[in-house]
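Inside the fold
This is what each chain is made of:
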Amino acid sequence: MVDQYRVSWKADSAKQWTRITEFCSALKLKLDADSAYSELTFTYPRGKADPNLEDLGIEVADKIVVWNTATNTKIFDGCVTKVDFSGAVTCKDQGFYLKNPIYLKATKKRTDTVLKSICSKAGVTYGGTKLATKITVSFSQKSASDCIQEALEMLEEKTNRRYWAHFVDKKLIVSVFQTAAHTIEAHRNPDWNPFDCTTALTNISGSVSMEDYVSLVYAVTTESSKTKAYAKAKYNDGYSKYGKLVEYVTTDSKSEAASTARKVLVADAQLSRDFKCTMYASDDIVPGVRLKFDGGESADIKGEFWVTAAEHDLTYPHTVSVTLERTKADYVKATVSSMNSTLFVSDSTSSTSSSGTTTVYTGKTVSALYTAYYPGPGIEGGYKDCMGNNLKTTYLNKGVLACAAPKSVKLKSKIQVKGTGTSKDGKVYLVVDRGGAITVKNGVYHFDLLMSNKSQANSWGKRTGKALLITGSKTVTSSSSSSSGGSATAQKVLAYAKSQMGKNLNPGFAWCAWFVSRCCRQCGVPTSVVPSNNAVSGFLSWAKSHGRYHPKGSGYVPQPGDIFIEKNKKSHTGFVYKVSSNGKSYTTIEGNASNRVRSHSRTTSYSCLSGFFHPDW
């Protein structure tokens, strides 16, 4: 079918479309199951290279459409996003705008409702695909594209199906991966009979690997200085054939440990089978299509495979380079058992020991951007760090927190995470890796935290905060593991607050926030550490804007000297004075409690609690 594809162009200010097919070369359309947008690329001669094109002037934001004239089907509809001086043009469909960051929180909402909200916030249209399964999400300044992929991952876990989000007629639709294999025919020439696309393969490459195979999964949790395993899932057949290959996954609670371990085992107890090849094409070869290969051209590619990515070469003859993934078994016979085993007590990541001693780190504090990566074939470095160490066996399996850092931060040095508002604040990471994008930009240090798998890395996304580039440490002994403790400044402020117990300091207005400010000013704490406020909302907004706020449910363990914030049902604040050894309850010193300075005991699940303001004492 010579010249079956037509390319039309319309400048931003033009009223009519102009056909430019004869000027385009190297016309390619890229589709990927892990991307919500399709990408079209081509080149055209510029300027004096072709007098006919002197006035063409393709520019960024111009519209491009590609039609298959044989089927009268539009296969691409988007805009120009990049023009190179050499004549190379890159175009993307509406998925390009999904890079916009969004905020969204939804509890037990239909997946299609969540996707519609994501699209609306990103400025694109949802196509109405019905997805009734309910999911719970919380996205904070994460790209809409990542939000969609994360929502689909949750859907996949619940339905045991796989999905592809893509745009049709400028609307986002979601297609399910096919469960039955199909024969797709190529129509190379009108005089020839159509034939199976898979019968002639070229550029065959791929591998079968057990590098990322897992036969045993432990679900673990860290409380105080102890890390415990609450459940394990074992795939007996895989264990006997491939040996003991372990993965640890963090569980949010003991009750969820068994299901968490099983889910990870089902996902990871699979050999990695990744193949690529080129074959004659049809527009129907897109992500999610399930093809059956008879092995005629290559005994290596035999059986049923999903297409996960497709790059169509639209010049004659139409061919496609595909990435193939072997369809996986729907069920792994996992043996799951509950347990209560302490794996280790205290390590380099813990700042407080069971004896009540606290390790205080010293060094330089810098602004930081935190992302995440995991061992895998698609990740820079694959399964090893830049020093050749296996990421799983050297760090993850031993509970060592590791990260990639800019080149200015020495390998094997340590950094402490601060100000992300998550349970990772205060954790110490060992610098073991580099990365092409891991740099210092505008004074912000980029750190890539090592995590166990793709799901954990996607859930983390991007976080901003601070990092302490550790150069030394000292040990401070407190009176007990649940005492006021904290830094010397925090202890001074708490001691003064305690001296006011029972007093009525009423200045003539609601005074809980005023009391916190007064204690800090009396102890010489500058307003750059704790501002002067007479309103709880003032502390809340200041802490958020300075990266010192830890919301309830983030996993953060309060520390003596923290300022608790209550903005649910009521507005109240005060100091955290003591913290229980398990970090789940705390004792306060607070003003305007029945018009007095009083002490109360509360839990971190208290319904009125919003979070904690942790000053940089």
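Residue positions are given per chain, counted from 1 along the sequence in the order it is written. pLDDT decides what is reported in this predicted model: residues at 70 or higher carry local features, side-chain atom pairs at 80 or more are listed and counted, and totals for whole chains, interfaces and linings draw on all residues regardless. Values shown for side chains rest on all heavy atoms present in the structure; no hydrogens or waters enter the calculation.

Before going further, it helps to spend a moment on the overall build of the protein chain. For helices the rule is a DSSP run of H or I covering at least 4 residues; for strands it is a run of E covering at least 2, with both sets numbered from the N terminus onward. Within the protein chain, the regular secondary structure consists of nine helices and 37 strands. Under the scheme applied here, a residue whose accessible area is under 20% of the maximum for its type counts as buried, over 50% as exposed, and between as partly exposed, the area being computed with a 1.4 Å probe on protein chains only. A total of 617 residues make up the protein chain; the buried ones form 46% of that total. Pairs of residues are marked as contacts when any of their non-hydrogen atoms sit within 4.5 Å. For the protein chain, contacts bridging at least 24 residues in sequence account for 66% of all contacts bridging at least 6. Note on areas: Shrake-Rupley with a 1.4 Å probe; residue coverage comes only from the protein chains shown. Carbon and sulfur atoms make up 47% of the accessible area of the protein chain, which totals about 29,900 Å².

Looking at where Val124 falls in the secondary structure, it is placed in the loop between α1 (111-122) and β9 (125-126). Taking the relative accessible area as the measure of exposure, Val124 reaches 9% and is therefore buried. As a C-alpha pair, Val124 and Gln94 span 30 residues in sequence and 7.0 Å in three-dimensional space. Setting aside its immediate chain neighbours within four residues, Val124 contacts Gln94, Tyr97, Leu98, Cys119 and Phe167.

Nonpolar side chains tend toward joint burial in soluble globular proteins. As used here, the term nonpolar core means buried Ala, Val, Leu, Ile, Met, Phe, Trp, Tyr and Cys residues forming a set that is joined through side-chain atoms within 4.5 Å. Among the nonpolar cores identified, the biggest contains 29 residues, and Phe515, Val530, Ile565, Phe575 and Phe613 are the most heavily contacted of them. Those elements giving two or more residues to this core turn out to be α7 (488-499), α8 (512-522), α9 (536-545), β32 (563-566) and β33 (572-579). Of the residues forming this core, the biggest block, six residues, is contributed by α8. The next biggest cluster of nonpolar side chains, apart from the first, holds 27 residues, and it includes Ala106, Tyr126, Val137 and Ala165.

Take the pattern of salt bridges next. By definition, a salt bridge exists where a carboxyl oxygen of Asp or Glu is found within 4 Å of a side-chain nitrogen of Lys or Arg. For the structure on display, the rule yields 10 salt bridges. Residue Lys74 is joined to Asp77 by a salt bridge in which the shortest nitrogen-to-oxygen separation is 3.1 Å. Exposure remark for Lys74: the relative accessible area of 30% places this residue in the partly exposed category. Asp77 sits in the buried class, given a relative accessible area of 16%. With its nearest N and O atoms 3.5 Å apart, the salt bridge here joins Arg602 to Glu566. You can see Arg602 sitting in strand β36 (residues 601-603) and its partner Glu566 sitting in strand β32, a full 36 residues away along the chain. No difference in accessibility class separates Arg602 from Glu566, as the two residues are buried. Bridged by salt links that share partners, the residues Lys30, Glu39 and Lys92 form one connected network.

A few words on unusual backbone geometry. In this structure, Pro317 follows Tyr316 across a cis peptide bond, with omega equal to -10°. By the element assignment, Pro317 lies in the loop between β21 (302-313) and β22 (319-326).

Within the secondary structure, Asp385 sits in the loop between β24 (357-373) and α5 (391-394). Charge assignment: positive for Lys and Arg, negative for Asp and Glu; neither His nor the chain ends contribute. Despite being buried, Asp385 has no salt bridge partner; Lys412 is the closest side chain of opposite charge, sitting 8.5 Å away. For this analysis, a polar contact is any N or O atom pair within 3.5 Å, provided that within protein one partner can donate a hydrogen and the other can accept it, and provided that sequence-adjacent residues contribute only side-chain to side-chain pairs. Side-chain polar atoms of Asp385 contact the backbone nitrogen of Gly388, separated by 2.9 Å. A distance of 2.6 Å separates a polar atom in the side chain of Asp385 from a polar atom in the side chain of Tyr395. In contact with Asp385, other than residues within four places in its own chain, are Leu391, Tyr395, Val432 and Asp433.

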